[in-house]
Amino acid sequence: MKFLFCIILSVFAMGMTAGHPHTGSKKDKEPEMNKYINNLIRQMTVEEKIGQLNLISIDGSVMTGPVTESATGERIAKGEVGALLNIMSPPKIRELQDAAVKNSRLGIPLLFGMDVIHGYNTVFPISLGLSATWNPESIEKAARISAIEASAQGVCWTFSPMVDISYDARWGRVAEGNGEDPYLSSEITKAYIRGYQGDLTQNDQIMACVKHFALYGAPEAGKDYNTVDMSRMRMFNEYFPPFEAAVKAGVGSIMTAFNDVEGVPAAANEWLLKDILQQRWSFNGLIVSDWDAVREMTVHGIGDLQEVSARALNAGLDMDMASQGLSGTLKKSLAEGKVKISDIDNACRRVLEAKYKLGLFNNPYKYCDTTRVSTDIFTAAHREEARRIAAESFVLLKNDKELLPLGKKGTIAVIGPLADNKPNMLGTWSFGANLYSPVSILEGLQQQVGNHVTILHAKGSNLTYDKELEDRVSLNWGTLYKHFDRDNRTDEQLEAEALEIAGRADVIVAVMGEAAEMAGEGASRTNLDIPDAQKDLLKKLKATGKPVVLLLCAGRPMTLTWENENIDAILNIWFPGTEAGLAVADVLFGDKEPEGRLTMTFPRSVGQVPMRYNYRQTGRPPHADGRIVPYVTGYIDETHLPLYHFGYGLGYTSFKYGEVMLDKKEIDAKGTVTASIEITNTGNRSGSEVVQLYIRDIVGTVTRPLKELKGFKKIRLEAGERKVVSFTIDAEMLKFYNNRLEHIFEPGEFEVMIGANSNSVSSSIFRLL
Ligand code: NOJ
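About the cut-offs
Residues numbered from 1 in each chain as written. Predicted model: local features only at pLDDT ≥ 70, side-chain atom pairs only at ≥ 80, totals over all residues. Heavy atoms only, no water. UniProt positions renumbered as here; feature names shortened; annotations may be inferred. Helix = DSSP H or I, 4+ residues; strand = E, 2+ residues; numbered from the N terminus. Domains from an automatic or database assignment. Buried area = accessible area lost by both parts, 1.4 Å probe. Salt bridge = Lys/Arg side-chain N within 4 Å of Asp/Glu carboxyl O. Polar contact = N/O pair within 3.5 Å; in protein donor to acceptor, adjacent residues only side chain to side chain. Nonpolar A, V, L, I, M, F, W, Y, C, P; charged D, E, K, R; others polar. Pairing = 2+ DSSP bridges. Axes fitted to C-alpha atoms, helices over the stretch in contact; angles between N-to-C directions. Disulfide = S-S within 2.5 Å. Buried < 20%, exposed > 50% of the residue type's maximum accessible area, 1.4 Å probe, protein only. Parallel < 35°, antiparallel > 145°, perpendicular 65-115°, else oblique. Left-handed = near helix turned anticlockwise from the far one by under 90°. Contact = heavy atoms within 4.5 Å.

Is there a simple way to think about the UniProt feature "domain: Fibronectin type III-like" (unreviewed entry) in the protein chain in this case?
UniProt tags residues 689-758 as "domain: Fibronectin type III-like" (unreviewed entry). Strand forms 60% of residues 689-758 and helix 0%; the C-alpha atoms that close the span are 14 Å apart.

The following block contains the structure:
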């Protein structure tokens, strides 16, 4: 009897399950999806709907905060889980998907999310480094490869791109962003989304998640997770554009920020989620919280777990990452009338739609093709791209007497704690990669020089003198990373060895900077110098009188004022990823040239931050040449100028810019003006240049920035070659948000500036009638 009952029940259940949706033509896809999901939602219990809003982590997955509970197959089978994150085992993913598809009542598949930030197995430069390529095509390619590798291992959703604008180099997460400029960041954001998502019907494209909405990059005092407060006008002009660009580019999901905005934490901020995202920008994708952020609202002090969970749902949040506040309390809130079933349905619908768009209802195992693990990961082609793009991201900050490129001859002393270190080359957020897979700088140089050059190597120092700091930073990431490989020898012994080989060398290459986890989440710093242990060594290397090249590993703008005055050549290589050493060799020896340009301003001292190029004019502007004068915006003990400007970077050749030519001096709102400039390669080798267009709205009804990036073009010129580069400017590009949040342009004069960086431009003026 019991047996018969079971059969009847399972036949009945089969009739009710999710089933396979039709794959119709593009035109009828949406109604088809709606029909399918409406039908599914009709069959779901309240518990199952709430279960879909639950994104959890399980023991053994990578965690960026405390795990509140373990997921089990039983919980999945009961429909209590909608998605899981950071599971790095394809068999485990398959097992969990099985539990959902085969054992849960409606067989709704799970989403598997992961922080695939700048590569998965093959690691590209950190995102800030990628942005320094100023090449959306390269960034799209990096994202595409990331999607191929992640999807081959069961991941269908990446928590990337991170597009938080920041002017604050103290904030460690600038490593993960696209720099300080809203326009450039928007272009880059679109490239990431194209690369990750492409055509989601394919099994090697994954859903992107733009984050962290909003203002996460502006924490007070640069402290991660700190409070933010700013005007709405500033939010719209500076912080929101990359998010809006992501929405327009069709991003599938958005992650909320940890911080509060106007006093309400982002995860429960109705103005952000409903008014801006859903209404103003018509975003209809999935909105997910950051890790534990729902529960953390109890710590922010805006209510108990039930209260904050209800507030989050009512504000428009669909999915709760890790805190299980929604899953644990919504049923009670529903019974007490604190939330409406229609809002639960809507949130559930958006989770189901994401699954539908990914094709998981058609094939829940779409991302579990185990044959791909052996063919699609860490391939020679992927590594070749990683090498190319890493080289493209390097920024040459100084090159006295054309010390670089180095000739392949003589003796080179490669010195520093990052010279022969693999894990640090990967930078933050690279837990999909084998820590020892990168080519170290030393290895790369050795491989590329053959027998013509003698390469000597010494570590020279530890990364820092401060073991406690190293332990703290390592603790942030548990046992995952081993970046601070401390040496058994004393500081004196390490130094003596380095100075001995330096004495025998023709040139010293010092590989120094931050450890990977000194920049990234939870890694804000008050001191932006190269750590003392290394800087002390660098000073001694300089004192040898030998030419010194500094290869700087950094996850943020660092203060290099001493280095700029004293070191012959400085090449910023960020954290270059898997092919670090080979990419460095390519650039150091001149097989390639440094093409990167800064996307964040480099300060002279930490007291200058937050710092940016596109600041608004004050009534007491500082002196343009940087001299210190009283009673203007500035300091008494430091110039207001940065050390390296936004957009700056040298190559191995030189370029001469002509004057900006405008084809008209006046346009109306429907017209366009073409701005052109002639650029000549005046050096004796070919080279590339990022030609940058800035515009200033000279008089506005509100104060306007001194200049704003509005376009850029990367060009390559042979020695002696000239090219005319043109930009078309229309009224749309002149729009901004005023203090009533109207998106407008205003008639009047505009200064058009074109040049090699934000501080080196020539200009001309036109009038918008
Ligand atoms: C916290 C981080 O803020 C976020 O960027 C990340 O995606 C999640 N943890 C998940 O790891």
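Even after reading the chapter, I still don't get the domain arrangement of the protein chain, so can you show me in this structure?
Interfaces are often sized by the amount of accessible area the parts lose when they come together. In terms of domain boundaries, the protein chain breaks down into domain 1 (392-608) and domain 2 (655-768). Once you take the C-alpha centre of each, domain 1 and domain 2 turn out to be 36 Å apart. A per-residue breakdown of the area domain 1 buries against domain 2 is headed by Glu 593, Glu 595 and Arg 597, which together make up 78% of the total. The interface formed by domain 1 and domain 2 includes 5 salt bridges. Across the pair Glu 392 and Lys 714 runs a salt bridge whose closest N-O atoms are separated by 2.9 Å. Our count for the contact surface shared by domain 1 and domain 2 stands at 7 residue pairs in polar contact (both at pLDDT 80 or more). Of the residues belonging to the side of domain 1 that touches domain 2, the class tally is 1 nonpolar, 1 polar and 4 charged.

I tried to follow the sheet that holds strand E15 (residues 548-553) on my own but got confused; where do I start?
Taken in spatial order, the 6 strands make up an open sheet running E11-E16-E15-E14-E12-E13, and their pairing is mixed. Every other strand in the sheet has two partners, leaving strand E11 (395-399) and strand E13 (453-458) as the edge strands with one partner each. Across the sheet, the mean angle separating the axes of adjacent strands is 15° when strand polarity is ignored. Direction of pairing for E15 relative to strand E16 (residues 569-572): parallel, over a ladder of 4 bridges. Looking at the pairing, Leu 551 lines up with Leu 571 of E16.

So what exactly am I meant to see when it comes to the state of the cysteines here?
Disulfide: a covalent bond formed between the sulfur atoms of two cysteine residues. Counting across every chain of the model gives 0 disulfides. In this structure Cys 209 is a free cysteine whose sulfur lies 12 Å from that of Cys 156, the closest cysteine sulfur available. You can call Cys 209 buried: its relative accessible area is 0%. Here Cys 368 stays unpaired: no disulfide links it, and the sulfur of Cys 156, its closest cysteine neighbor, is 9.0 Å away.

Looking at this structure, I do not really get the packing of helix H12 (residues 293-300) against helix H13 (residues 305-315). What am I missing?
Helix packing for two helices is described by the angle between their axes and how far apart those axes are. It is the contact of H12 with H13, at a shortest axis distance of 9 Å, that shows an interaxial angle of 120°. By the angle class used here, H12 and H13 are oblique. Judged by the twist between their axes, the crossing of H12 over H13 is right-handed. Contacts between H12 and H13 involve Val 294, Arg 295, Met 297 and Thr 298 from the former and Leu 305, Val 308, Ser 309 and Ala 312 from the latter. Broken down by class, the residue content of the contact of H12 with H13 amounts to 5 nonpolar, 2 polar and 1 charged.

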